[in-house]
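Listed here are the chains, written in short residue letters.
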Amino acid sequence: MRTAIKSVAGLGVLLFMTLHTAAYDLPENIPARKPGLWEMRTTGAVGPNEVKEIKKYCLDPTADRNLHELNIMRKELEVVHSDISCQPPMITLAGNVMSGEMACRTNSTSDSEAAGRDFLWTVTFASDSDVVNEEYSIGREIMFATENNLVERQSWIGECPADMKPGDMLDLGFNYNSDVWPSENRPGNIYESLKVVEKMLKEGIEINERLGPM
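One structure accompanies this document, and this report is about it. (Residues numbered from 1 in each chain as written. Predicted model: local features only at pLDDT ≥ 70, side-chain atom pairs only at ≥ 80, totals over all residues. Heavy atoms only, no water.)

Judged by nonpolar contacts, the single largest core of 32 residues is most densely connected at Leu59 and Ile190. Tallying contributions element by element places helix H2 (residues 61-80) first for this core, with eight residues. With residues near it in sequence (within four places) discarded, Leu59 still touches Arg33, Pro35, Gly36, Trp38, Met40, Asp64, Leu67, Cys160 and Ile190. (Core = buried A, V, L, I, M, F, W, Y, C linked by side-chain atoms within 4.5 Å. Buried < 20%, exposed > 50% of the residue type's maximum accessible area, 1.4 Å probe, protein only. Helix = DSSP H or I, 4+ residues; strand = E, 2+ residues; numbered from the N terminus. Contact = heavy atoms within 4.5 Å.)

With that settled, the discussion passes to the pattern of salt bridges. Side-chain pairs of opposite charge can arise whenever the charged atoms involved come near each other. Across all of its chains, the model carries 11 salt bridges by this definition. The partner of Glu135 in a salt bridge is Lys75, with the nearest N and O atoms 3.1 Å apart. In this pair, Glu135 sits in strand S7 (residues 130-140) while Lys75 sits in helix H2, placing the two residues 60 residues apart along the sequence. By relative accessible area, Lys75 is classed as buried at 7%. For Arg105, the salt bridge is made with Asp118, and the minimal N-O distance between the two is 2.9 Å. With a gap of 13 residues between them, Arg105 in strand S5 (residues 97-106) and Asp118 in strand S6 (residues 116-127) connect regions that are remote in the sequence. Classification of Arg105 by relative accessible area gives partly exposed; the value is 22%. Through salt bridges with shared partners, one network takes in Arg105, Asp118 and Arg140. (Salt bridge = Lys/Arg side-chain N within 4 Å of Asp/Glu carboxyl O.)

Two elements, strand S4 (residues 90-94) and S5, share five bridges in a ladder whose sense is antiparallel. Note on S5: the bridge partner recorded for Met90 is Glu101. Hairpin connection from S4 to S5: two residues lie between these consecutive antiparallel strands, with Gly95 at a positive phi of about 65°. (Pairing = 2+ DSSP bridges.)

Using the criterion set out here, one finds two disulfides in the structure. Shown here is the disulfide that connects Cys86 with Cys104, its sulfur atoms set 2.0 Å apart. Its S-S torsion of about 100° marks the bond between Cys86 and Cys104 as right-handed, since a negative value means left-handed. Here Cys86, found in strand S3 (residues 84-86), pairs with Cys104, found in strand S5; they are 18 residues apart in sequence, far enough to count as distant. Considered together, Cys86 and Cys104 belong to a single accessibility category, that of buried residues. Bonded cysteines in the chain are paired 1-4, 2-3 when counted in the order they occur along the chain. (Disulfide = S-S within 2.5 Å.)

Given below as structure tokens:
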């Protein structure tokens, strides 16, 4: 029975990979991360809290590009339930550095034009096995208007293990205000995450439209 369920789930992921259309206008020639297993360690500040986070991804060219897309979509999801809408991100590539910015504003007609959250990020491809993603976001005139500064160091650590296929990931979790790195091992998948985040984002947008400006 478990084999049948896994087969159906795998077919769903394959179908999503085939039918999914890009949500964002990413540059065609983004430097490729080397196929294999990547460890991504995040440090920095979320408001007043220091954070440590670790994820591992099994990447091939398709999963690599979809992970860039997933990271942007998660930013939109971060604010949609605060009645905030994001403009299409502006993404540029200069040499080995990809930069992005996305302005998200409240839907309220009584808020100022600055009310919302701005996201900025810079991905530096030092090589095909060494990448640094620097992210900054700031909220203005909204609840939880934190200022966030995060640095994610991405390293190729070898071939994907036998029990991971391209697109699979392990979420080791995150710790706040601790010197200890997290060590959980929650399995996941880039394509499944895209489906879930896309659905939640669509639902959030529909709720905001139905309720109207707050």
